[in-house]
Amino acid sequence: MTVRTAAPVRWTAVQEHLQDSPLLVAAGGGRPERTPVWFMRQAGRSLPEYLAVREGVPMLESCARPDLVTEITLQPVRRYGVDAAIFYSDIVVPLKAVGVDLDIKPGVGPVIADPVRTAADLQRLRPLEPGDVAYVTEAVRSLVGELGSTPLIGFAGAPFTLATYLVEGGPSKEHARTKALMLGEPELWAGLMSRLAAISAAFLRVQVDAGASAVQLFDSWAGVLPRRLYEEHVAPWSAQVLGALEGRVPRITFGVGTGELLGSMAATGAEVVGVDFRVPLDEAARRAAGKPLQGNLDPAVLLAPWPVVEREVLRVLDEARDLPGHVFNLGHGVLPASDPDVLRRVVELVHERTGTTAG
Ligand SMILES: Cc1c2[nH]c(c1CCC(=O)O)Cc1[nH]c(c(CCC(=O)O)c1C)Cc1[nH]c(c(CCC(=O)O)c1C)Cc1[nH]c(c(C)c1CCC(=O)O)C2
């Protein structure tokens with residue numbers, strides 16, 4: 001027998017039959033029938049069926065084909081029995097859609113042909129219109145029909161994380177040019193963030209309007225900033241993006257290495273704060289203003305023998321036991337070398353240990 005506890009929050013853009021799904025209940029601070037679990041980067045290179053579908057199709061091309069997006073988004077739901085699907089796309093898709101010349105290089109990441117570094121460069125970042133990403137609307141609609149009782153998470157890159165790619169011209173470790181621009185030309189920086197916030201919010205709105213029932217804002221690289229700079233030059237723009245969806249769907253925020261920023265990230269308005277694997281969830285809860293948390297199994301643990309994986313999953317669940325809400329996830333994305341069967345067993349284990357029928 002499953003005991004359903006009604007969601008304490010009703011989200012205005014969420015279909016009735018999804019309001020009481022474990023993800024939405026946990027995000028609203030209620031008690032779900034079991035701890036919801038999904039994995040960042042659950043669709044992708046660790047799945048043979050993904051590699052088969054992607055054969056000969058470049059990444060960005062695959063994102064613009066609703067048939068492929070639908071299939072790839074559903075693959076991990078079928079295989080793992082996760083409690084949410086995450087829309088198959090990329091944080092740079094809306095930038096490409098407004099005309100930025102970029103590509104995603106396999107094994108490297110997004111590469112920008114002409115980096116954005118001057119006031120004149122900003123002109124290239126025009127607002128995103130829903131018609132620019134009609135294929136996203138089409139794919140989300142088709143997915144929502146196929147997913148039934150499983151919620152679809154839409155996502156976008158946060159302005160800072162998008163800015164790192166645009167300013168550096170590609171992936172970087174230090175984000176030195178980005179920080180130099182932020183500090184050296186604060187007005188130009190604000191102009192850049194303002195345009196990116198509008199694009200990011202529009203991309204999320206398109207997904208929610210088409211039926212996504214939660215969103216995650218990837219503030220992935222914000223952890224390279226001290227709190228002072230994050231609060232002054234980044235948080236207001238992330239808050240603006242999240243504010244565009246207030247009350248419509250639950251909002252999750254996430255970044256890597258953000259242990260020092262959890263309180264400030266919680267203050268940007270998200271209902272759920274994602275935590276990477278560096279900070280235990282009980283400690284993270286003290287930093288994140290008592291909000292529901294998402295995380296935080298180290299993705300590297302999945303490469304260890306099963307007894308180690310099991311022990312670590314149980315540790316995460318134990319550290320989460322007093323949280324106002326917990327969405328089980330990894331502390332960052334699934335590594336390509338992960339065995340899909342281990343992911344499936346993790347989902348099973350979390351469900352077994354947290355379900356209302358669990359002994
Ligand atoms: C920083 C960032 C990007 N993209 C994303 C982020 C934020 C997440 C994070 O913090 O890691 C977000 C993202 N990218 C992708 C998804 C799809 C949904 C999912 O999580 O399964 C999501 C949510 C698909 C993808 N995005 C990418 C792939 C791999 C490309 C391929 O399979 O050819 C996938 C499935 C490419 C990509 N795109 C990006 C990178 C760094 C890479 C990796 C490059 C590589 O190692 O090959 C930019």
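Residue numbers restart at each chain and count upward from 1, following the sequence in its written direction. Selection of residues for local features in this predicted model requires a pLDDT of at least 70, selection of side-chain atom pairs for listing and counting requires 80 or more, and totals for whole chains, interfaces and linings are taken over all residues.

**Description of the overall build of the protein chain**
Alright, step 1. The helix and strand labels rest on DSSP assignments: H or I over at least four residues marks a helix, E over at least two residues marks a strand, and numbering proceeds from the N terminus. Broken down by element type, the protein chain carries 16 helices and nine strands.
Alright, step 2. Against the compact-globule benchmark of 21 Å for 359 residues, the protein chain has a radius of gyration of 19 Å, which places it among compact chains.
Alright, step 3. The C-alpha extent of the protein chain, read off along each of the three principal axes, is 65 × 45 × 40 Å.
Alright, step 4. A residue is called partly exposed when the number of other C-beta atoms within 10 Å of its own lies between 12 and 20, exposed at 12 or fewer, and buried at 20 or more, with C-beta atoms placed from the backbone. Across the 359 residues in the protein chain, those meeting the buried criterion constitute 51%. Values of the radius of gyration come from C-alpha atoms, whereas the globule rule sets the reference at 2.2 Å times the count of residues to the power 0.38.

**A short note on the packing of helix 8 (residues 159-168) against helix 10 (residues 186-209)**
Alright, step 1. Here an axis means a line fitted to C-alpha atoms, over the contact stretch when the element is a helix, while the angle between two N-to-C directions is reported on a 0 to 180 degree scale. Look at helix 8 against helix 10: their axes get within 9 Å of each other, and the N-to-C directions meet at 115°. Crossing hand, helix 8 versus helix 10: right-handed. Residues P159, L162 and A163 of helix 8 touch helix 10, and the partners they reach there are L192, M193, L196, A197 and S200. Crossing handedness is read from the near helix: turned anticlockwise from the far helix by less than a right angle, it gives a left-handed crossing, and turned clockwise, a right-handed one. Remark: residues whose backbone-derived C-beta atoms lie within 7 Å of one another are considered to be in contact.

**Focus: the site of the ligand**
Alright, step 1. Neighbouring residues of the ligand: 22 residues in total, closest A43, G44, G109, F218 and S220.
Alright, step 2. Residues are grouped as follows: Ala, Val, Leu, Ile, Met, Phe, Trp, Tyr, Cys and Pro are nonpolar; Asp, Glu, Lys and Arg are charged; all remaining types, including Gly, are polar. Classifying every residue of the shell around the ligand by side-chain character gives 13 nonpolar, six polar and three charged. Near, as applied to residues and a molecule or strand, means the residue's backbone-placed C-beta atom lies within 6 Å of it.

**So, the nonpolar core**
Alright, step 1. Nonpolar core, as used here: buried Ala, Val, Leu, Ile, Met, Phe, Trp, Tyr and Cys residues forming one set through C-beta atoms within 7 Å. In this structure, I153, A212, A214, V215, V241, V273 and L293 are the most contacted members of the largest nonpolar core, which totals 116 residues.
Alright, step 2. What L293 contacts, discounting residues up to four positions off in sequence, is V272, V273, V275, L281, A284, A285, A288, L323 and H326.

**Some points on the UniProt feature "binding site: substrate" (unreviewed entry) in the protein chain**
Alright, step 1. UniProt positions are given in the numbering used here, feature names are shortened, and annotations may be inferred rather than shown by experiment. Here, UniProt's "binding site: substrate" (unreviewed entry) annotation points to R41, Q42, A43, G44, R45, D90, Y165, S220 and H332. Over a stretch of 292 residues, the named residues are scattered through the fold, their C-alpha atoms separated by up to 22.7 Å.
Alright, step 2. Relative to the helices and strands, Q42 resides in the loop between helix 1 (22-27) and helix 2 (48-54).
Alright, step 3. Given 29 C-beta atoms within a 10 Å radius, Q42 is considered buried.

**Section: the UniProt feature "site: Transition state stabilizer" (unreviewed entry) in the protein chain**
Alright, step 1. In the numbering used here, UniProt assigns the feature "site: Transition state stabilizer" (unreviewed entry) to D90.
Alright, step 2. Secondary-structure assignment places D90 in the loop between strand 1 (85-86) and helix 5 (93-97).
Alright, step 3. For D90, the contacting residues outside a window of four places in its chain are M59, C63 and I104.

**Some thoughts on the pairing of strand 4 (residues 152-157)**
Alright, step 1. Most of strand 4 is tucked away: six of the six residues are buried.
Alright, step 2. What you see with strand 4 is no split at all: L152, G154 and A156 on one side and I153, F155 and G157 on the other are buried throughout.
Alright, step 3. For two strands to be treated as a pair, DSSP must find no fewer than two bridges joining them. One ladder, built from two bridges, connects strand 1 with strand 4; its direction is parallel. Each bridged residue has a counterpart across the sheet, and for I86 the counterpart in strand 4 is I153.
Alright, step 4. Across five bridges, the pairing between strand 4 and strand 5 (residues 214-218) is parallel. Residue pairing across strands places A156 opposite L217, the latter belonging to strand 5.

**Details of the pairing of strand 8 (residues 293-297)**
Alright, step 1. Counting buried residues along strand 8, five of its five residues qualify, which places the element largely inside the surrounding structure.
Alright, step 2. Looking at chain direction, strand 7 (residues 272-274) and strand 8 are connected through two bridges and run parallel. Of the residues in strand 8, the one forming a bridge with G274 is Q294.
Alright, step 3. Handedness of the crossover joining strand 7 and strand 8 through helix 14 (residues 281-287): right-handed.
Alright, step 4. Here five bridges tie strand 8 to strand 9 (residues 326-330), and the two strands are oriented parallel to one another. For L297, the partnering residue across the bridge sits in strand 9 and is L330.
Alright, step 5. Here the term right-handed applies to a crossover when the path leading from its first strand over the helix to its second strand runs clockwise, the strands being oriented away from the viewer. Running through helix 15 (residues 306-319), the crossover from strand 8 to the neighbouring parallel element strand 9 is right-handed.

**Side note on the packing of helix 4 (residues 66-80) against helix 7 (residues 134-147)**
Alright, step 1. One can describe the packing of helix 4 onto helix 7 by two numbers: an axis separation of 9 Å at closest approach and a directional angle of 40°. For the element pair helix 4 / helix 7, the angle class is oblique. The chirality of how helix 4 crosses helix 7 is right-handed. Contact with helix 4, carried on its side by P66, V69, T70, T73, L74 and V77, involves Y135, E138, A139, S142, L143, E146 and L147 of helix 7 and no other residues of that element.
Alright, step 2. Broken down by class, the residue content of the contact of helix 4 with helix 7 amounts to eight nonpolar, three polar and two charged. For this classification, under 35 degrees means roughly parallel, over 145 means roughly antiparallel, 65 to 115 means roughly perpendicular, and everything else is oblique.

**Remarks on helix 16 (residues 340-354)**
An α-helical segment advances 3.6 residues per turn. Residues three or four places apart therefore align on the same side.
Alright, step 1. Taking 1.5 Å of rise per residue, 15 residues should cover 21 Å, and helix 16 covers 22 Å from first to last C-alpha, within 8% of that figure.
Alright, step 2. Regarding helix 16, the residues found buried are L343, V346, V347, V350, H351 and T354. Mapping the buried residues of helix 16 onto a view down its axis gives an arc of 125°, with all of them on the same face. Exposed residues on helix 16 whose side chains face more than 90 degrees from its buried face are D341 and E352.
Alright, step 3. In this structure, the buried residues of helix 16 make contact with helix 4, helix 15 and strand 9. Given the number of residues in a helix, its expected span is that number minus one, multiplied by 1.5 Å. Each C-beta atom gives one direction from the helix axis, and the arc is the one those directions make.

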